[in-house]
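Residue-level listing of the chains:
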Amino acid sequence: MGQWWQDAVIYQIYPRSFADGDGDGTGDLAGVRSRLPYLRRLGVDAIWFTPWYLSPLADGGYDVADYRVIDPAFGTLAEAEELIADAAALGIRTIIDVVPNHVSSEHAWFTAALAAGPGSPERERFWFRSGDERPTDWVSSFGGETWTRTKNPDGTPGEWYLHLFTPEQPDLNWNHPDVRREHEEILRFWFDRGVAGIRIDSATMPVKDPSLPELDEVEQHPYVDRDELHDIYRGWRAVADSYDPPRMLVGEIWLADAERFARYLRPDEMHTAFNFDLMGRPWAARELRESIRTTLAAHAPVDAPATWVLSNHDVTRPVTRYGRSDTAFSFASKRFGVPTDLELGRRRARAAALLTGALPGSLYLYQGDELGLPEVENLPLVALQDPMFHRSDGLDPGRDGCRVPLPWTTGGSTFGFSARGFGPWLPQPDDWGSHSVEAQELDPDSMLALYRSMLALRRDLPRSFQWHALDSDELLAFQRGEVLCLVNFGPEAVRLPPYQEVLLCSDDLTDDRLTTDVAVWLRLVHH
Ligand code: NOJ
(Lines give C-alpha, C1' and ligand atoms only; values in the text may rest on other atoms or scores of the structure.)
Protein backbone atom coordinates (compact mmCIF):
# COMPACT_ATOMS: atom_id res chain seq x y z
CA MET A 1 0.00 0.00 0.00
CA GLY A 2 1.33 3.38 -0.99
CA GLN A 3 0.56 6.70 0.64
CA TRP A 4 -2.89 8.17 -0.05
CA TRP A 5 -1.58 11.17 -1.98
CA GLN A 6 0.23 9.03 -4.53
CA ASP A 7 -2.91 8.34 -6.53
CA ALA A 8 -5.55 10.50 -4.83
CA VAL A 9 -8.33 12.38 -6.57
CA ILE A 10 -8.34 15.87 -5.11
CA TYR A 11 -11.33 18.14 -5.66
CA GLN A 12 -10.67 21.85 -5.58
CA ILE A 13 -13.24 23.97 -3.77
CA TYR A 14 -13.37 27.69 -4.41
CA PRO A 15 -15.48 28.39 -1.33
CA ARG A 16 -17.06 31.63 -2.55
CA SER A 17 -18.65 29.77 -5.44
CA PHE A 18 -19.35 26.21 -4.31
CA ALA A 19 -22.52 26.40 -2.19
CA ASP A 20 -24.05 29.11 -0.05
CA GLY A 21 -25.54 27.83 3.22
CA ASP A 22 -26.60 31.14 4.79
CA GLY A 23 -28.13 32.76 1.72
CA ASP A 24 -25.99 35.89 1.55
CA GLY A 25 -24.88 35.20 -2.03
CA THR A 26 -21.38 34.04 -1.10
CA GLY A 27 -20.52 30.38 -0.77
CA ASP A 28 -19.52 29.23 2.70
CA LEU A 29 -18.49 26.35 4.90
CA ALA A 30 -22.09 25.51 5.80
CA GLY A 31 -22.72 25.15 2.07
CA VAL A 32 -19.76 22.80 1.68
CA ARG A 33 -20.85 20.72 4.67
CA SER A 34 -24.28 20.28 3.17
CA ARG A 35 -22.74 19.02 -0.07
CA LEU A 36 -20.25 16.55 1.38
CA PRO A 37 -22.48 13.61 0.40
CA TYR A 38 -22.29 14.85 -3.21
CA LEU A 39 -18.50 14.82 -3.05
CA ARG A 40 -18.46 11.37 -1.55
CA ARG A 41 -20.78 10.08 -4.26
CA LEU A 42 -18.54 11.71 -6.87
CA GLY A 43 -15.70 9.63 -5.46
CA VAL A 44 -13.03 12.09 -4.37
CA ASP A 45 -10.35 11.32 -1.79
CA ALA A 46 -9.62 14.87 -0.68
CA ILE A 47 -10.83 18.44 -0.99
CA TRP A 48 -8.52 21.40 -1.38
CA PHE A 49 -9.87 24.75 -0.25
CA THR A 50 -8.52 27.89 -1.88
CA PRO A 51 -7.96 30.39 0.98
CA TRP A 52 -10.77 30.54 3.49
CA TYR A 53 -9.06 32.91 5.92
CA LEU A 54 -9.92 36.47 6.89
CA SER A 55 -9.33 38.54 3.77
CA PRO A 56 -10.41 41.81 2.18
CA LEU A 57 -10.63 39.77 -1.07
CA ALA A 58 -8.40 41.99 -3.18
CA ASP A 59 -7.34 38.76 -4.91
CA GLY A 60 -10.12 36.31 -4.13
CA GLY A 61 -8.66 35.40 -0.71
CA TYR A 62 -5.01 35.15 -1.81
CA ASP A 63 -4.56 38.27 0.29
CA VAL A 64 -4.64 36.75 3.76
CA ALA A 65 -5.19 39.12 6.68
CA ASP A 66 -5.13 36.45 9.40
CA TYR A 67 -4.39 32.72 8.98
CA ARG A 68 -6.00 31.83 12.28
CA VAL A 69 -9.40 33.33 11.49
CA ILE A 70 -11.92 32.02 8.95
CA ASP A 71 -13.40 34.87 6.95
CA PRO A 72 -16.81 35.65 8.50
CA ALA A 73 -18.36 35.42 5.03
CA PHE A 74 -17.37 31.73 5.05
CA GLY A 75 -18.02 30.86 8.69
CA THR A 76 -16.05 30.33 11.88
CA LEU A 77 -13.01 28.41 12.99
CA ALA A 78 -15.29 26.01 14.87
CA GLU A 79 -17.19 25.33 11.64
CA ALA A 80 -13.95 24.69 9.80
CA GLU A 81 -12.97 22.16 12.44
CA GLU A 82 -16.37 20.49 12.17
CA LEU A 83 -16.13 20.45 8.41
CA ILE A 84 -12.71 18.81 8.51
CA ALA A 85 -14.10 16.18 10.89
CA ASP A 86 -17.31 15.60 8.90
CA ALA A 87 -15.33 15.18 5.69
CA ALA A 88 -12.89 12.80 7.40
CA ALA A 89 -15.83 10.72 8.61
CA LEU A 90 -16.82 10.29 4.95
CA GLY A 91 -13.25 9.31 4.03
CA ILE A 92 -12.44 12.73 2.54
CA ARG A 93 -9.24 14.50 3.58
CA THR A 94 -8.87 18.28 3.72
CA ILE A 95 -6.09 20.28 2.12
CA ILE A 96 -5.78 24.03 2.68
CA ASP A 97 -3.93 26.81 0.91
CA VAL A 98 -0.92 28.63 2.33
CA VAL A 99 0.34 31.73 0.55
CA PRO A 100 3.96 32.34 1.62
CA ASN A 101 4.90 34.95 -0.96
CA HIS A 102 2.73 37.69 0.48
CA VAL A 103 0.06 38.69 2.97
CA SER A 104 -2.80 41.16 2.77
CA SER A 105 -2.00 44.82 3.24
CA GLU A 106 -4.49 44.53 6.12
CA HIS A 107 -2.39 41.86 7.87
CA ALA A 108 -1.27 43.03 11.34
CA TRP A 109 2.40 42.82 10.31
CA PHE A 110 1.92 45.17 7.40
CA THR A 111 -0.21 47.72 9.21
CA ALA A 112 2.41 47.69 12.00
CA ALA A 113 5.17 48.17 9.41
CA LEU A 114 3.40 51.16 7.90
CA ALA A 115 2.80 52.68 11.31
CA ALA A 116 6.34 52.07 12.56
CA GLY A 117 7.93 53.94 9.69
CA PRO A 118 11.23 53.74 7.80
CA GLY A 119 14.14 51.89 9.38
CA SER A 120 11.88 50.07 11.88
CA PRO A 121 12.23 46.35 12.61
CA GLU A 122 8.57 45.96 11.57
CA ARG A 123 9.45 46.99 8.02
CA GLU A 124 12.17 44.34 7.79
CA ARG A 125 9.58 41.61 7.42
CA PHE A 126 8.72 43.09 4.02
CA TRP A 127 10.67 44.72 1.18
CA PHE A 128 10.69 48.43 1.88
CA ARG A 129 13.11 50.67 0.00
CA SER A 130 13.68 54.40 0.03
CA GLY A 131 14.53 56.74 -2.87
CA ASP A 132 12.82 58.77 -5.53
CA GLU A 133 13.04 56.05 -8.15
CA ARG A 134 11.14 52.80 -8.14
CA PRO A 135 13.73 50.23 -6.91
CA THR A 136 13.30 47.87 -9.91
CA ASP A 137 11.33 47.62 -13.13
CA TRP A 138 10.05 44.13 -12.34
CA VAL A 139 6.60 43.51 -13.83
CA SER A 140 3.77 42.12 -11.70
CA SER A 141 2.33 38.69 -12.51
CA PHE A 142 -0.94 40.57 -12.85
CA GLY A 143 0.57 43.20 -15.12
CA GLY A 144 1.81 46.63 -14.08
CA GLU A 145 4.33 47.69 -11.49
CA THR A 146 5.60 45.72 -8.51
CA TRP A 147 6.40 48.67 -6.22
CA THR A 148 3.98 51.02 -4.51
CA ARG A 149 5.06 54.14 -2.73
CA THR A 150 3.80 54.78 0.78
CA LYS A 151 2.89 58.19 2.16
CA ASN A 152 4.52 59.72 5.20
CA PRO A 153 2.23 61.02 7.95
CA ASP A 154 2.77 64.57 6.64
CA GLY A 155 1.59 63.53 3.18
CA THR A 156 5.02 63.52 1.51
CA PRO A 157 6.03 60.43 -0.51
CA GLY A 158 7.56 57.73 1.67
CA GLU A 159 9.25 54.38 1.07
CA TRP A 160 8.38 51.91 -1.66
CA TYR A 161 7.26 48.35 -0.92
CA LEU A 162 7.41 45.32 -3.17
CA HIS A 163 4.36 43.35 -4.34
CA LEU A 164 4.77 40.79 -7.12
CA PHE A 165 0.95 40.70 -7.33
CA THR A 166 -1.38 43.57 -6.35
CA PRO A 167 -0.46 46.48 -4.04
CA GLU A 168 -2.84 44.87 -1.52
CA GLN A 169 -0.47 41.86 -1.40
CA PRO A 170 2.88 43.05 0.01
CA ASP A 171 5.69 40.48 -0.42
CA LEU A 172 7.23 39.01 2.70
CA ASN A 173 10.97 39.00 3.30
CA TRP A 174 11.90 35.34 3.68
CA ASN A 175 15.36 36.22 4.96
CA HIS A 176 13.66 37.32 8.15
CA PRO A 177 13.48 34.65 10.88
CA ASP A 178 9.98 35.77 11.99
CA VAL A 179 8.59 34.98 8.55
CA ARG A 180 9.93 31.47 8.62
CA ARG A 181 8.90 30.80 12.19
CA GLU A 182 5.40 32.20 11.66
CA HIS A 183 4.72 29.99 8.64
CA GLU A 184 5.82 26.85 10.43
CA GLU A 185 3.46 27.81 13.24
CA ILE A 186 0.63 28.33 10.77
CA LEU A 187 1.23 24.83 9.42
CA ARG A 188 1.10 23.42 12.93
CA PHE A 189 -2.03 25.41 13.75
CA TRP A 190 -3.89 23.71 10.91
CA PHE A 191 -2.26 20.29 11.11
CA ASP A 192 -3.32 20.22 14.77
CA ARG A 193 -6.89 20.73 13.52
CA GLY A 194 -6.80 17.65 11.33
CA VAL A 195 -5.81 19.16 8.00
CA ALA A 196 -4.18 16.45 5.88
CA GLY A 197 -2.04 18.65 3.70
CA ILE A 198 -1.31 22.07 2.34
CA ARG A 199 -1.17 23.56 -1.11
CA ILE A 200 1.68 26.04 -1.39
CA ASP A 201 0.72 29.11 -3.40
CA SER A 202 3.18 30.64 -5.89
CA ALA A 203 5.78 28.32 -4.41
CA THR A 204 8.68 29.43 -6.62
CA MET A 205 8.44 33.12 -5.73
CA PRO A 206 8.93 33.83 -2.01
CA VAL A 207 12.74 34.22 -2.01
CA LYS A 208 14.26 37.32 -3.61
CA ASP A 209 17.78 38.33 -4.49
CA PRO A 210 18.35 41.01 -1.80
CA SER A 211 20.40 43.14 -4.17
CA LEU A 212 17.20 43.57 -6.22
CA PRO A 213 18.78 43.41 -9.68
CA GLU A 214 16.91 43.79 -12.97
CA LEU A 215 16.09 40.53 -14.72
CA ASP A 216 18.70 40.99 -17.44
CA GLU A 217 21.52 41.89 -15.04
CA VAL A 218 21.91 38.46 -13.48
CA GLU A 219 22.03 34.79 -14.39
CA GLN A 220 19.73 33.53 -11.64
CA HIS A 221 16.26 35.03 -11.72
CA PRO A 222 15.94 37.58 -8.89
CA TYR A 223 12.67 36.12 -7.60
CA VAL A 224 11.70 32.88 -9.35
CA ASP A 225 12.99 29.42 -8.41
CA ARG A 226 15.84 30.60 -6.22
CA ASP A 227 17.95 27.90 -4.61
CA GLU A 228 17.27 29.16 -1.08
CA LEU A 229 13.62 28.04 -1.37
CA HIS A 230 14.54 24.40 -0.95
CA ASP A 231 15.71 24.89 2.59
CA ILE A 232 12.39 26.54 3.50
CA TYR A 233 10.41 23.62 2.12
CA ARG A 234 12.69 21.13 3.88
CA GLY A 235 11.67 22.88 7.08
CA TRP A 236 7.99 22.53 6.15
CA ARG A 237 8.45 18.88 5.29
CA ALA A 238 9.97 18.28 8.71
CA VAL A 239 6.87 19.84 10.29
CA ALA A 240 4.59 17.72 8.08
CA ASP A 241 6.55 14.56 8.92
CA SER A 242 6.35 15.22 12.65
CA TYR A 243 2.62 14.34 12.51
CA ASP A 244 1.01 10.94 12.57
CA PRO A 245 -0.12 10.33 9.91
CA PRO A 246 2.36 12.60 8.13
CA ARG A 247 0.82 15.58 6.39
CA MET A 248 1.24 16.27 2.68
CA LEU A 249 2.68 19.23 0.75
CA VAL A 250 1.67 20.07 -2.82
CA GLY A 251 3.33 23.00 -4.53
CA GLU A 252 2.06 25.42 -7.12
CA ILE A 253 5.11 25.36 -9.36
CA TRP A 254 5.02 26.92 -12.80
CA LEU A 255 8.44 26.10 -14.30
CA ALA A 256 9.17 25.19 -17.88
CA ASP A 257 12.29 23.23 -16.93
CA ALA A 258 11.20 19.73 -15.83
CA GLU A 259 14.46 19.08 -14.00
CA ARG A 260 14.21 22.31 -11.96
CA PHE A 261 10.57 21.41 -11.25
CA ALA A 262 11.53 17.97 -9.95
CA ARG A 263 14.06 19.45 -7.50
CA TYR A 264 11.11 20.56 -5.34
CA LEU A 265 10.01 16.93 -5.13
CA ARG A 266 13.16 15.47 -3.65
CA PRO A 267 12.38 13.08 -0.79
CA ASP A 268 12.83 15.67 1.96
CA GLU A 269 10.88 18.47 0.23
CA MET A 270 7.33 18.51 -1.20
CA HIS A 271 5.44 15.30 -1.87
CA THR A 272 3.90 16.49 -5.12
CA ALA A 273 3.49 19.60 -7.26
CA PHE A 274 0.93 20.65 -9.83
CA ASN A 275 1.96 19.67 -13.30
CA PHE A 276 0.76 22.51 -15.51
CA ASP A 277 2.61 21.34 -18.59
CA LEU A 278 -0.29 19.26 -19.91
CA MET A 279 -2.71 22.17 -19.60
CA GLY A 280 -0.33 24.40 -21.53
CA ARG A 281 -0.24 22.01 -24.49
CA PRO A 282 -2.59 22.00 -27.44
CA TRP A 283 -5.08 19.20 -27.97
CA ALA A 284 -2.85 17.00 -30.15
CA ALA A 285 -1.55 13.46 -29.62
CA ARG A 286 2.08 14.36 -30.19
CA GLU A 287 2.05 17.27 -27.77
CA LEU A 288 0.20 15.47 -25.01
CA ARG A 289 2.36 12.37 -25.39
CA GLU A 290 5.44 14.53 -25.06
CA SER A 291 3.98 16.10 -21.94
CA ILE A 292 3.18 12.72 -20.38
CA ARG A 293 6.63 11.37 -21.25
CA THR A 294 8.57 14.31 -19.86
CA THR A 295 6.39 14.47 -16.76
CA LEU A 296 6.84 10.79 -15.95
CA ALA A 297 10.56 10.95 -16.75
CA ALA A 298 11.13 14.01 -14.55
CA HIS A 299 9.34 12.45 -11.58
CA ALA A 300 11.04 9.04 -11.78
CA PRO A 301 14.48 10.00 -10.39
CA VAL A 302 12.97 11.73 -7.34
CA ASP A 303 10.44 8.92 -6.93
CA ALA A 304 7.51 11.34 -6.63
CA PRO A 305 4.08 10.74 -8.14
CA ALA A 306 3.01 12.93 -11.06
CA THR A 307 -0.11 15.07 -10.81
CA TRP A 308 -2.61 15.74 -13.60
CA VAL A 309 -4.43 19.03 -13.79
CA LEU A 310 -6.87 20.14 -16.48
CA SER A 311 -7.90 23.37 -14.85
CA ASN A 312 -8.25 25.40 -11.68
CA HIS A 313 -9.62 28.74 -10.45
CA ASP A 314 -7.04 30.64 -12.51
CA VAL A 315 -7.52 29.17 -15.99
CA THR A 316 -10.10 28.99 -18.76
CA ARG A 317 -12.49 26.06 -18.28
CA PRO A 318 -11.57 23.02 -20.45
CA VAL A 319 -14.93 22.88 -22.27
CA THR A 320 -14.28 26.39 -23.57
CA ARG A 321 -10.54 26.07 -24.09
CA TYR A 322 -10.82 22.86 -26.12
CA GLY A 323 -13.48 24.40 -28.33
CA ARG A 324 -11.11 26.99 -29.74
CA SER A 325 -8.52 27.01 -32.49
CA ASP A 326 -5.80 27.58 -29.87
CA THR A 327 -6.42 24.84 -27.32
CA ALA A 328 -3.30 25.41 -25.20
CA PHE A 329 -3.78 27.43 -22.03
CA SER A 330 -1.65 30.50 -21.48
CA PHE A 331 -2.25 33.55 -19.33
CA ALA A 332 -0.75 35.77 -22.01
CA SER A 333 -3.28 34.83 -24.69
CA LYS A 334 -6.47 35.44 -22.69
CA ARG A 335 -8.78 37.80 -24.59
CA PHE A 336 -12.46 38.65 -24.89
CA GLY A 337 -14.42 37.40 -27.87
CA VAL A 338 -12.42 34.35 -28.95
CA PRO A 339 -14.61 32.20 -31.23
CA THR A 340 -15.54 28.97 -29.44
CA ASP A 341 -17.30 25.78 -30.49
CA LEU A 342 -18.66 24.52 -27.18
CA GLU A 343 -19.91 21.25 -28.61
CA LEU A 344 -16.42 20.40 -29.84
CA GLY A 345 -14.97 21.62 -26.57
CA ARG A 346 -17.31 19.42 -24.59
CA ARG A 347 -16.44 16.33 -26.64
CA ARG A 348 -12.74 16.94 -26.09
CA ALA A 349 -13.18 17.78 -22.41
CA ARG A 350 -14.92 14.42 -21.96
CA ALA A 351 -12.03 12.68 -23.68
CA ALA A 352 -9.54 14.70 -21.63
CA ALA A 353 -11.27 13.53 -18.44
CA LEU A 354 -10.73 9.89 -19.41
CA LEU A 355 -7.18 10.59 -20.53
CA THR A 356 -6.05 12.33 -17.34
CA GLY A 357 -8.06 9.93 -15.19
CA ALA A 358 -6.16 7.00 -16.69
CA LEU A 359 -2.69 8.42 -16.04
CA PRO A 360 -0.65 7.26 -13.04
CA GLY A 361 -0.37 9.71 -10.14
CA SER A 362 -2.83 12.03 -8.44
CA LEU A 363 -5.62 13.85 -10.18
CA TYR A 364 -6.88 17.37 -9.45
CA LEU A 365 -10.44 18.24 -10.36
CA TYR A 366 -11.67 21.83 -10.22
CA GLN A 367 -15.23 22.33 -8.98
CA GLY A 368 -17.70 22.44 -11.85
CA ASP A 369 -15.48 20.66 -14.36
CA GLU A 370 -17.32 17.46 -13.40
CA LEU A 371 -20.45 19.28 -14.65
CA GLY A 372 -18.71 20.37 -17.84
CA LEU A 373 -19.30 24.03 -17.02
CA PRO A 374 -18.10 26.39 -19.73
CA GLU A 375 -16.16 29.57 -18.97
CA VAL A 376 -18.72 32.34 -18.47
CA GLU A 377 -17.58 34.96 -20.94
CA ASN A 378 -20.42 37.43 -20.92
CA LEU A 379 -20.36 38.57 -17.32
CA PRO A 380 -21.31 42.24 -17.06
CA LEU A 381 -18.07 44.24 -16.91
CA VAL A 382 -19.21 45.95 -13.71
CA ALA A 383 -19.46 42.54 -12.03
CA LEU A 384 -15.84 41.59 -12.77
CA GLN A 385 -13.69 41.52 -9.65
CA ASP A 386 -10.42 39.95 -10.71
CA PRO A 387 -7.34 42.19 -10.51
CA MET A 388 -6.08 40.51 -13.68
CA PHE A 389 -8.94 42.20 -15.54
CA HIS A 390 -8.57 45.55 -13.83
CA ARG A 391 -4.78 45.74 -13.99
CA SER A 392 -4.74 44.93 -17.71
CA ASP A 393 -7.02 47.88 -18.46
CA GLY A 394 -9.70 45.41 -19.43
CA LEU A 395 -7.66 43.60 -22.09
CA ASP A 396 -7.42 40.36 -20.12
CA PRO A 397 -10.91 39.08 -19.20
CA GLY A 398 -9.48 37.83 -15.92
CA ARG A 399 -10.48 34.76 -13.97
CA ASP A 400 -14.04 35.50 -12.91
CA GLY A 401 -15.43 33.42 -15.78
CA CYS A 402 -14.33 30.15 -14.17
CA ARG A 403 -15.46 31.27 -10.70
CA VAL A 404 -19.19 31.68 -11.28
CA PRO A 405 -21.25 30.03 -8.50
CA LEU A 406 -22.18 26.43 -9.24
CA PRO A 407 -25.64 25.38 -10.41
CA TRP A 408 -27.12 22.65 -8.24
CA THR A 409 -30.73 22.68 -9.47
CA THR A 410 -32.39 23.23 -12.84
CA GLY A 411 -34.45 26.16 -11.58
CA GLY A 412 -34.70 28.74 -8.83
CA SER A 413 -33.22 32.21 -8.66
CA THR A 414 -29.68 30.94 -7.92
CA PHE A 415 -30.00 27.42 -9.37
CA GLY A 416 -29.72 25.99 -5.89
CA PHE A 417 -26.47 27.79 -5.08
CA SER A 418 -27.94 29.83 -2.22
CA ALA A 419 -30.25 28.27 0.28
CA ARG A 420 -32.34 31.46 0.07
CA GLY A 421 -31.95 35.20 -0.24
CA PHE A 422 -29.61 37.40 -2.24
CA GLY A 423 -28.28 36.88 -5.73
CA PRO A 424 -24.85 35.29 -6.02
CA TRP A 425 -21.68 37.41 -5.85
CA LEU A 426 -21.15 36.83 -9.56
CA PRO A 427 -24.23 36.53 -11.77
CA GLN A 428 -25.02 33.11 -13.21
CA PRO A 429 -25.99 32.77 -16.89
CA ASP A 430 -29.66 32.16 -17.69
CA ASP A 431 -29.01 28.64 -18.99
CA TRP A 432 -26.93 27.64 -15.92
CA GLY A 433 -29.64 25.22 -14.77
CA SER A 434 -29.08 22.99 -17.80
CA HIS A 435 -25.59 22.23 -16.42
CA SER A 436 -26.79 21.65 -12.88
CA VAL A 437 -26.22 18.58 -10.74
CA GLU A 438 -29.98 17.99 -10.77
CA ALA A 439 -30.09 18.08 -14.58
CA GLN A 440 -27.22 15.59 -14.87
CA GLU A 441 -27.86 13.32 -11.93
CA LEU A 442 -30.10 10.84 -13.70
CA ASP A 443 -28.68 11.19 -17.19
CA PRO A 444 -26.26 8.33 -17.91
CA ASP A 445 -24.68 10.35 -20.73
CA SER A 446 -23.94 13.41 -18.64
CA MET A 447 -20.47 14.72 -17.78
CA LEU A 448 -21.26 14.06 -14.12
CA ALA A 449 -22.07 10.42 -14.85
CA LEU A 450 -18.85 10.08 -16.84
CA TYR A 451 -16.77 11.50 -13.99
CA ARG A 452 -18.48 9.32 -11.40
CA SER A 453 -17.87 6.14 -13.40
CA MET A 454 -14.32 7.15 -14.26
CA LEU A 455 -13.40 7.95 -10.66
CA ALA A 456 -14.84 4.64 -9.48
CA LEU A 457 -12.95 2.59 -12.09
CA ARG A 458 -9.76 4.56 -11.61
CA ARG A 459 -9.39 3.08 -8.13
CA ASP A 460 -8.74 -0.34 -9.59
CA LEU A 461 -6.02 0.72 -12.01
CA PRO A 462 -2.64 -0.78 -11.09
CA ARG A 463 0.40 1.45 -10.60
CA SER A 464 2.06 0.16 -13.78
CA PHE A 465 2.10 2.28 -16.94
CA GLN A 466 3.13 1.22 -20.43
CA TRP A 467 2.79 2.76 -23.85
CA HIS A 468 0.81 0.44 -26.16
CA ALA A 469 1.80 -0.67 -29.66
CA LEU A 470 -1.11 1.29 -31.16
CA ASP A 471 0.31 4.58 -29.92
CA SER A 472 0.85 6.83 -32.93
CA ASP A 473 0.81 10.41 -34.17
CA GLU A 474 -2.96 10.46 -34.11
CA LEU A 475 -3.81 8.03 -31.36
CA LEU A 476 -2.65 8.09 -27.76
CA ALA A 477 -2.52 4.53 -26.46
CA PHE A 478 -1.26 3.33 -23.10
CA GLN A 479 -1.95 0.54 -20.70
CA ARG A 480 -2.48 0.33 -16.98
CA GLY A 481 -2.27 -3.42 -16.46
CA GLU A 482 -5.13 -4.96 -18.38
CA VAL A 483 -6.79 -1.63 -19.06
CA LEU A 484 -6.01 0.12 -22.32
CA CYS A 485 -6.74 3.83 -22.71
CA LEU A 486 -7.10 5.10 -26.27
CA VAL A 487 -7.71 8.70 -27.34
CA ASN A 488 -8.27 9.47 -30.99
CA PHE A 489 -6.97 12.87 -32.11
CA GLY A 490 -6.92 12.03 -35.83
CA PRO A 491 -9.53 12.81 -38.46
CA GLU A 492 -10.35 9.14 -39.16
CA ALA A 493 -12.23 6.71 -36.95
CA VAL A 494 -9.97 3.99 -35.54
CA ARG A 495 -10.93 0.32 -35.23
CA LEU A 496 -10.62 -0.97 -31.67
CA PRO A 497 -8.21 -3.83 -30.99
CA PRO A 498 -9.64 -7.09 -29.61
CA TYR A 499 -10.99 -6.50 -26.11
CA GLN A 500 -12.94 -8.16 -23.39
CA GLU A 501 -15.05 -5.22 -22.28
CA VAL A 502 -15.56 -1.51 -22.88
CA LEU A 503 -15.20 -0.03 -19.42
CA LEU A 504 -15.77 3.61 -20.31
CA CYS A 505 -16.21 5.65 -23.42
CA SER A 506 -16.43 9.42 -23.67
CA ASP A 507 -18.93 9.13 -26.55
CA ASP A 508 -20.77 6.49 -28.54
CA LEU A 509 -18.79 3.76 -30.27
CA THR A 510 -20.09 2.93 -33.71
CA ASP A 511 -19.18 -0.53 -35.09
CA ASP A 512 -16.26 -0.77 -32.69
CA ARG A 513 -14.76 2.38 -34.10
CA LEU A 514 -13.38 5.24 -32.09
CA THR A 515 -14.21 8.55 -33.73
CA THR A 516 -12.29 11.83 -33.56
CA ASP A 517 -11.83 13.37 -30.10
CA VAL A 518 -13.18 10.33 -28.29
CA ALA A 519 -11.47 8.33 -25.54
CA VAL A 520 -12.13 4.79 -24.39
CA TRP A 521 -10.98 2.49 -21.58
CA LEU A 522 -10.94 -1.16 -22.68
CA ARG A 523 -10.32 -4.26 -20.65
CA LEU A 524 -7.98 -6.28 -22.80
CA VAL A 525 -8.23 -9.99 -23.51
CA HIS A 526 -5.98 -12.16 -21.29
CA HIS A 527 -3.09 -13.80 -23.06
C1 NOJ B 1 -1.76 31.63 -7.49
C2 NOJ B 1 -3.22 31.50 -7.18
O3 NOJ B 1 -3.70 30.30 -7.72
C4 NOJ B 1 -3.89 32.73 -7.74
O5 NOJ B 1 -5.29 32.62 -7.70
C6 NOJ B 1 -3.38 33.93 -7.00
O7 NOJ B 1 -3.93 35.09 -7.60
C8 NOJ B 1 -1.86 34.03 -7.04
N9 NOJ B 1 -1.22 32.77 -6.79
C10 NOJ B 1 -1.34 35.02 -6.03
O11 NOJ B 1 -1.49 34.53 -4.72
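Residues numbered from 1 in each chain as written. Predicted model: local features only at pLDDT ≥ 70, side-chain atom pairs only at ≥ 80, totals over all residues. Heavy atoms only, no water.

In the numbering adopted here, UniProt assigns the feature "domain: Glycosyl hydrolase family 13 catalytic" (unreviewed entry) to residues 12-399. Counted over residues 12-399, helix gives 29% and strand 13%. Its end C-alpha atoms are 15 Å apart. (UniProt positions renumbered as here; feature names shortened; annotations may be inferred. Helix = DSSP H or I, 4+ residues; strand = E, 2+ residues; numbered from the N terminus.)

End to end, helix 4 (residues 77-89) covers 18 Å across 13 residues, agreeing with the expected 18 Å (1.5 Å per residue, within 8%). Considered for burial, the residues of helix 4 that qualify are Ala80, Leu83, Ile84 and Ala87. The buried residues of helix 4 occupy one face: seen down the axis, they fall within an arc of 100 degrees. Looking at the buried positions of helix 4, the neighbouring elements they touch are helix 2 (29-34), helix 3 (36-42), strand 2 (46-49), strand 4 (66-70), strand 5 (93-98) and helix 6 (177-191). (Expected span 1.5 Å × (residues − 1). Buried < 20%, exposed > 50% of the residue type's maximum accessible area, 1.4 Å probe, protein only. Arc of directions from axis to C-beta. Contact = heavy atoms within 4.5 Å.)

Counted under the stated rule, the structure contains 39 salt bridges. Salt-bridge contacts for arginine 193 lead to glutamate 81; the nearest nitrogen and oxygen are separated by 2.8 Å. Here glutamate 81 lies in helix 4 and arginine 193 lies in the loop between helix 6 and strand 9 (197-200), a separation of 112 residues in the sequence. Its relative accessible area of 26% is what places arginine 193 among the partly exposed residues. (Salt bridge = Lys/Arg side-chain N within 4 Å of Asp/Glu carboxyl O.)

What follows concerns the site of the ligand. In the neighbourhood of the ligand, 13 residues make up the surrounding shell, with Asp59, Asp201, His313, Asp314 and Arg399 lying closest. Note that a nitrogen atom of the ligand is positioned 3.1 Å from one of the side-chain N or O atoms of serine 202. Arginine 399 is positioned with one of its side-chain polar atoms (N or O) 3.0 Å from an oxygen atom of the ligand. When the ligand sits alone it has 300 Å² of accessible area, and the protein chains cover 97% of it. Classifying every residue of the shell around the ligand by side-chain character gives three nonpolar, three polar and seven charged. (Near = heavy atom within 4 Å. Polar contact = N/O pair within 3.5 Å; in protein donor to acceptor, adjacent residues only side chain to side chain. Areas by Shrake-Rupley, 256 points an atom, 1.4 Å probe, with all protein chains shown as cover. Nonpolar A, V, L, I, M, F, W, Y, C, P; charged D, E, K, R; others polar.)

Quick look at the pairing of strand 15 (residues 475-480) now. The buried fraction of strand 15 amounts to six of the six residues, a majority that puts the element mostly inside the structure. By the alternation rule, side chains of strand 15 split into Leu475, Ala477 and Gln479 and Leu476, Phe478 and Arg480, which are all buried. Pairing geometry for strand 14 (residues 466-467) and strand 15, over two bridges, is antiparallel. Residue pairing across strands places glutamine 466 opposite glutamine 479, the latter belonging to strand 15. As paired strands, strand 15 and strand 16 (residues 483-488) are joined by six bridges and run antiparallel to one another. (Pairing = 2+ DSSP bridges.)

On the basis of which strands lie adjacent, the open sheet formed by five strands has the order 14-15-16-20-18 and antiparallel pairing. Edge positions in the sheet fall to strand 14 and strand 18 (499-505), since each has one partner strand and no second. With five bridges connecting them, strand 18 and strand 20 (residues 518-524) associate as antiparallel partners. The residue bridging tyrosine 499 from the neighbouring strand is leucine 524, located in strand 20. Strands in contact with helix 11 (residues 342-358) are strand 15, strand 16, strand 18 and strand 20; relative to strand 20, the strand with the most contacts, it is inclined by about 35 degrees. (Axes fitted to C-alpha atoms, helices over the stretch in contact; angles between N-to-C directions.)

All right, on to a negative patch on the surface then. Negative charge collects at one region of the surface, where Asp443, Asp445, Asp507 and Asp508 lie side by side. With respect to the helices, strands and loops of the structure, aspartate 445 is situated in the loop between helix 13 (437-441) and helix 14 (447-458). Residue classification places aspartate 445 among the exposed residues on the basis of a relative accessible area of 58%. (Patch = residues over 30% accessible without salt bridge, like charges linked within 9 Å, V, L, I, M, F, W, Y side chains within 5 Å. Lys, Arg positive; Asp, Glu negative; His and termini not counted. Charge placed at Lys NZ, Arg CZ, Asp CG, Glu CD.)

What follows is about the domain arrangement of the chain. Each assigned domain of the chain is listed with its residue range as follows: domain 1 (4-99 + 275-451), domain 2 (108-162) and domain 3 (464-524). Distance from the C-alpha centre of domain 2 to the C-alpha centre of domain 3: 57 Å. (Domains from an automatic or database assignment.)

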